[in-house]
Every structure is written in structure tokens, then in C-alpha cells.
Amino acid sequence: MNMVKPLGVGFAGAGPVTQAIHLPTLAHLPDLFTPACVMDVNGDLAAAVAVSAGARSVTSLDAMLADPAVDVVAVCSPQQFHADQVIAALRAGKKAVLCEKPLANSADEARAIAEVSAETGIPVILGAMHVFDPGWIAVKDMLGDLVPKARSIRSSIVLPLNDRFENWATEVTGRPDMAFSMPDEITPDMIRQMFHTLILGLAVHDLPLVRAFLPDWRDLEIWSARQLAPFGYLIAGQAGGRAVQLAGTMHGHGEAYWDLEVATDAELLRIRFTPSYVHGGSAVATITDASGAVRQIGPFDRNGYVEEWRALYAAAHGDHGAIPSLDTVAEDFDFVIDVANKASASAIGELSCPCH
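Residues numbered from 1 in each chain as written. Predicted model: local features only at pLDDT ≥ 70, side-chain atom pairs only at ≥ 80, totals over all residues. Heavy atoms only, no water.

In the annotation of an unreviewed UniProt entry, the entry for the protein reads Gfo/Idh/MocA family oxidoreductase, and the organism field reads Sphingobium agri.

Next comes the structure, spelled out in C-alpha cells:
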């Protein structure tokens, strides 16, 4: 019988990610975690979410970090606050920090987080559910043979707008406006901002997995990058002689799939993930060889959301090997920023090309 007291969780931000992802996940892990405090600058929202979770509410990060019932912190605020809030939680001496994607807004911020984590000895985990998905973990154990043979990597994401899945997951309070619209005139600065929003908001989920198949990822070239209405992207390029295609779109109807495909000369690996906010089972992977024979891996009974919290629990109790190193996380972030920068540069180049 587990007699260890569950870790108290403090949430920085009371929006849909806290409500529809993390609180339902923790409901499956009552022996490991208990919601302790919900912080949001919107006091009414914080109070409403806290009451439903059996926690107290506050309106400032300092008040939450001063709460002795808060052992670990989940940073679920808008991304511009991530780095400062993660570092503040580390300085406050909490046992561990989970930060939602993206980790930071710049490579310098990501390195600063890594430095403070190393200085304090407190682990930081990025809320990247696919990295912790049991289906991906099972595939990752086989990558030794697959990586050198990879010829092309494709990430394909087709999802309804987040509110569809949020509604399925829980009753969300204080939902932000999900409307998207294209401006009449597109400027280079707008293109830059759009691609950074798209890459850091959607593509970021799978880019660490894509990077695993690109030993020469720093040589990434982007040949073409388009923004898709109302919210999406189509990007093509190569790194180290391997074709890379990234496609993602969010729309107003119900179709949904989330695939990562890797092709070699003789095999096709396809990993199909459950969409965001879905608390069902793991990804399912299939490997099809040249004869058409198919080997299936998964599904497993736990998903990436549960596994990332289990990994956080292990790290908070000293098993830092249960989570990716912050050097790895920082390099993943470097790759994400590199994709965003090069995709926006390509799109700006296409916009200014006289042939358009």
C-alpha cells in the first residue's frame, strides 16, 4: 500500500489546458498528485477552477509559490510568461516544474531555464505528450536501425479547432475566443509572426520526434512554406539528404488524424497519435515492409498525458533519468525556432518573388 503523501500541484494559469488536460489527467493519479492551488490573474476564473478541483485559488504567482502545500508547479500560462514563471518556481525551491509548450520564447530563455535548473538541481519537464506516449517510446527503442535508413519524414496534423476536443474532455470555464481571420494585406512581419505562432503552437508537438530522424538537422533547408487558412501550414524541405514535410491544419468540421510517417527504401513507419485533449489510449505504430507485411505496435492502456505526469513524479523524487535532459529539450527548442525562422523566410521570399 502506497503511504507516501501525494504531491501538491500548483497551476500557473487556469485556462483550457489546465481544465481540459491536466486536471482530468491528475484525476487518474490520486496516489501521486493532488491539486493544491490554482493561480490566474482573473480571480473569478481561478476561483471557479479551484473549487471544481478541490484546491485554493490565488491571483499572483508569488502567492502560489509561497503556498507550502504546493510541491510541484505546472506552468500553463500564455507562452510569453513561461520562462519567467519556470525560473521563479525553480528559485522558490519546488520539487519539480512542468512547463507547457513552448518552453520559452527564444533560445536564450531556454538556456537560462536550463542553467537555473542545473544550479538548483530541480528538474523541469516539457509538457510534450507525444514524447512520453507509450507508442512512441516503444518505437524509440527500435530507432537504432531505422534512423540511418530514413529517407523521408512527414508530420501530418488535421484537427478541429481546440474547443471541439475541450468540450469532449470537460466543461471549460472562461474559454478564449478561437476565431481566426486572414488580414487583407500580408506584410513580412505578419508572416514571421504567423509562422512562429503556427510552429510554436501546433508543429511543436511533433518536431522533437522529427528531429530524432535528422542527425543533420542543423543543415535544414526549407524549399517552400505556405500558411493555410484558417489556421495551418504546409512546409517542405530537406536535411542531410532526407526529405521533410510538415503539414498541419485546424478547421471547423470533425475530421481528425495526427500521423508521423518515416519511409526507408524498404519500410514505412506510421505512428497515429490521439488528438490533443483526448484522454484515451496511446498512439499506434505500424511498420509495413516491401512485401506488404504489417507489424503493429500498441495500443497501450496509458497515454502521453499520464506518462508525462508519472515521469514528473519520478523526477521530483530524484529519478532525473525519467525525463529528457534539459540539454535535449533546449536542442529541441533550437530546432523548433530554426523551423519557424526558415519557414517564415521562405514564405516571405515567395511573397516578394516577381513571379507571384
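The rest of the description comes next.
Before going further, it helps to spend a moment on the overall build of the protein. Per the secondary structure count, the protein includes 13 helices and 14 strands. Here the protein, with 356 residues, has 53% of them falling under the buried criterion. Taking contacts inside the protein between residues at least 6 apart in sequence as the whole, the part at least 24 apart equals 69%. For the protein, the accessible area works out to roughly 15,500 Å², and carbon and sulfur atoms hold 53% of it. (Helix = DSSP H or I, 4+ residues; strand = E, 2+ residues; numbered from the N terminus. Buried < 20%, exposed > 50% of the residue type's maximum accessible area, 1.4 Å probe, protein only. Contact = heavy atoms within 4.5 Å. Areas by Shrake-Rupley, 256 points an atom, 1.4 Å probe, with all protein chains shown as cover.)

Time to look at the pattern of salt bridges. Using the criterion set out here, one finds 14 salt bridges in the structure. In this structure, Asp265 engages Arg151 in a salt bridge whose closest nitrogen and oxygen atoms are separated by 3.7 Å. Of this pair, Asp265 sits in the loop between β11 (257-263) and β12 (267-272) while Arg151 sits in the loop between α8 (143-146) and β7 (152-160), placing them 114 residues apart in sequence. You can call Asp265 exposed: its relative accessible area is 67%. Two residues, Arg211 and Asp332, come together in a salt bridge whose shortest N-O distance is 2.6 Å. Of the two residues, Arg211 sits in helix α11 (residues 207-211) while Asp332 sits in helix α13 (residues 326-352), which places them 121 residues apart along the sequence. The exposure classification of Arg211 matches that of Asp332, with both residues buried. In this structure, a network of salt bridges that share partners links the residues Arg154, Glu261 and Arg270. (Salt bridge = Lys/Arg side-chain N within 4 Å of Asp/Glu carboxyl O.)

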